[in-house]
Amino acid sequence: MVGTGNYVSAVVFKPVSNRVLVFDACLDFMSKTSEHPFLKGITDKLDRPVRDLRISVTDRCNFRCTYCMPAEMFGERYEFLPRPDILTFEEIERLARLFAQAGVSKLRITGGEPLVRANLPELVGKLSKIDGIDDIALTTNGYLLAKNAQALKDAGLNRLTISLDSIDEDIFKKMSGQPQGPANTLEGIQVATELGFSPIKINVVVQRSVNDHTLVDTARYFKGTGAIVRFIEFMDVGTKNSWELSQVVTSKEVIEIISEEFALEPVDPNYSGEVASRYRYVDGEGEIGVISSVSEPFCGNCTRARLSTDGKLVTCLFASGGTDFKTAMRDGAADDEIAGMIARVWTGRDDRYSELRSKGPEFQAGTAGDKVEMYYIGG
Ligand code: SF4
C-alpha cells in the first residue's frame, strides 16, 4: 500500500506544463502498486473531471439515418469493422472499471445500434457490478427494444434514450433511411414503459425543412405518457451528413413552435451541467427538453469520454481520432499502465469544438473533413 504523500507528484502534473514528463517518470513506480492513484480526481486542461463514459458496442446499425449513416454511403459493400477488431465484453468491462476509478459514475451504451450486438444484456450485467457505477443508460433506435427490454432490465439497465426523429410515418422512413415506419420503435417504448423504465427520453434531431413541421405531433404523441421528448439541434458530427448552419432549427425556435400549441414554462435543471434545458407543460402533463448543441454550446461542462467500438478513447464528439487502448490491452498491458494511459489522455484534453464553432465560418472551414463518424463513437 502506498501512502498518499507518495502521490503528490502524480497530482501535481495537472497544472504544470511538463506534466507528461512528470507523469512518465512516475509510471514505473505506479506499476508496482495495485491501485491507480493517478486516476483519483483527474481533470482536463479546462478543469473538467471525467464523469460519463459512452461506450460504442458496434459500428453497425439496422437504420440508415441520413445524418449519421446515409444509405448511399453505407450500402451492402460498406466494410464495417471485422469481429476481431471489436472490443470484447471483458475488455469493455475492464476499461469501465478503470474509468470508474477516475470518477466516472455514469455509463451510456451506444453504437451504431447497440441492440444489434449479440447478448448485450450480458454486458449490462457485467457493467452494473462495477464499484462506483450508479447509472447505466442505453441509446437505441428502439427497433429491437420490445424483445430485449426485459433482459436489459433484469441485467441492471437503469435508463433508456430512444432516437425517434418523427412520429410521422413518411418522415420517419425518410430520416431513418429504411422502409419501416415507427411502429416497432413505439412498441419498444410501450414495453419498456410497462417494465418501469422511467423517465424514457425520446431524442429528436431537428432538421429544417425535413422534420420541423412534425415537432408538435411528436410532442403531442408523448405528452402525458411520462416520456420526455428532447429536441436536439442538428449538428455537424462526422463528415457525411452535409451539414449546413441553415439546416439548424435553434432550441429557441423549437420552444416557440411547441408553445404555439401547448403552454410551456422553464424548469430548473435536475443537476448542474445538465445538457438539456427543461420545459414543463403548464397543464401538468409532463415536460420536454431542448439541447442547444449549436446555438448555446456547453463545452464548459463536458465531462464525457467516448470509447469507440474498436477501443479508441475519444475525448470529444467532434474529435479527429482517439487513443488506442485495444492494442495496449491485447499486448498485455497491466491495469496500472492502462490507468496511466487514461490519466494521460484526460489530463491532456482541451476539446471545446462547439464553442469554437460558434466563433464562425473560418473555424468550420479549417476543421471540416477529419472528424470521427458518429456511428463509431455514439452520439
Ligand atoms: S463539442 Fe466536444 S467538448 Fe464540447 S460539449 Fe461537445 S463533446 Fe464536449
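Student: Go over the environment of Glu-113 with me, naming the residues and quoting the values.
Tutor: The topology assignment puts Glu-113 in the loop between strand S2 (106-110) and helix H4 (120-128). Taking C-alpha positions, Glu-113 is 8.1 Å from Phe-63, a pair spaced 50 residues apart along the chain.

Student: Account for the site of the ligand, naming residues and giving values.
Tutor: As a matter of local geometry, the ligand sits amid Phe-298, Cys-299, Cys-302, Arg-304, Cys-316, Leu-317, Phe-318, Asp-351, Arg-352, Tyr-353 and Ser-354. Class assignment for the residues of the shell around the ligand results in seven nonpolar, one polar and three charged.

Student: Give a description of helix H3 (residues 89-102) that names residues and reports values.
Tutor: A rise of 1.5 Å per residue sets the reference length of H3, with its 14 residues, at 20 Å; its end C-alpha atoms lie 20 Å apart and thus fit the reference within 8%. On its buried face, H3 sits against strand S1 (52-56), S2, H4, strand S10 (304-307) and helix H11 (335-347).

Student: Account for the sheet that holds strand S7 (residues 264-267), with residues named and values stated.
Tutor: Within the open sheet, the 12 strands sit side by side as S7-S8-S9-S6-S5-S4-S3-S2-S1-S10-S11-S12. Their pairing is mixed. Unpaired on one side and paired on the other, S7 and strand S12 (323-324) mark the two borders of the sheet. The pairing of S7 with strand S8 (residues 277-281) spans four bridges and is classified as antiparallel. Within S8, the residue paired with Pro-266 across the bridge is Tyr-279.

Student: Explain the nonpolar core to me, using residue names and the numbers behind them.
Tutor: Judged by nonpolar contacts, the single largest core of 89 residues is most densely connected at Ala-96, Phe-99, Ala-102, Val-206, Phe-231 and Ile-342. In terms of residues, this core owes the most to one element, H3, which gives six residues. Discounting residues that sit within four places of it in the chain, Phe-231 has contacts with Val-204, Val-206, Leu-215, Ser-251, Val-254, Ile-288 and Val-290.

Student: Hey, could you go over unusual backbone geometry for me, with residue numbers and the actual values?
Tutor: For the bond from Ser-198 to Pro-199, the omega torsion is -10 degrees, close enough to zero to count as cis. Its place among the elements puts Pro-199 in the loop between helix H7 (183-194) and strand S5 (201-206). Positive phi values are uncommon outside glycine, yet Asp-47 reaches one of about 65 degrees. Structurally, the position occupied by Asp-47 is in the loop between helix H2 (19-30) and S1. Given 9 C-beta atoms within 10 Å, Asp-47 falls into the exposed group. Of note in this structure, Asn-119 is not a glycine but carries a positive phi near 60 degrees. Its location among the elements puts Asn-119 in the loop between S2 and H4. Among the residues examined, Asn-119 registers 10 C-beta atoms within 10 Å and is labelled exposed.

Conventions we followed
Residues numbered from 1 in each chain as written. Predicted model: local features only at pLDDT ≥ 70, side-chain atom pairs only at ≥ 80, totals over all residues. Helix = DSSP H or I, 4+ residues; strand = E, 2+ residues; numbered from the N terminus. Near = placed C-beta within 6 Å. Nonpolar A, V, L, I, M, F, W, Y, C, P; charged D, E, K, R; others polar. Expected span 1.5 Å × (residues − 1). Contact = placed C-beta atoms within 7 Å. Pairing = 2+ DSSP bridges. Core = buried A, V, L, I, M, F, W, Y, C linked by C-beta atoms within 7 Å. Buried ≥ 20, exposed ≤ 12 C-beta atoms within 10 Å, placed from the backbone.

Just geometry here; none of it tells us what the structure is for.
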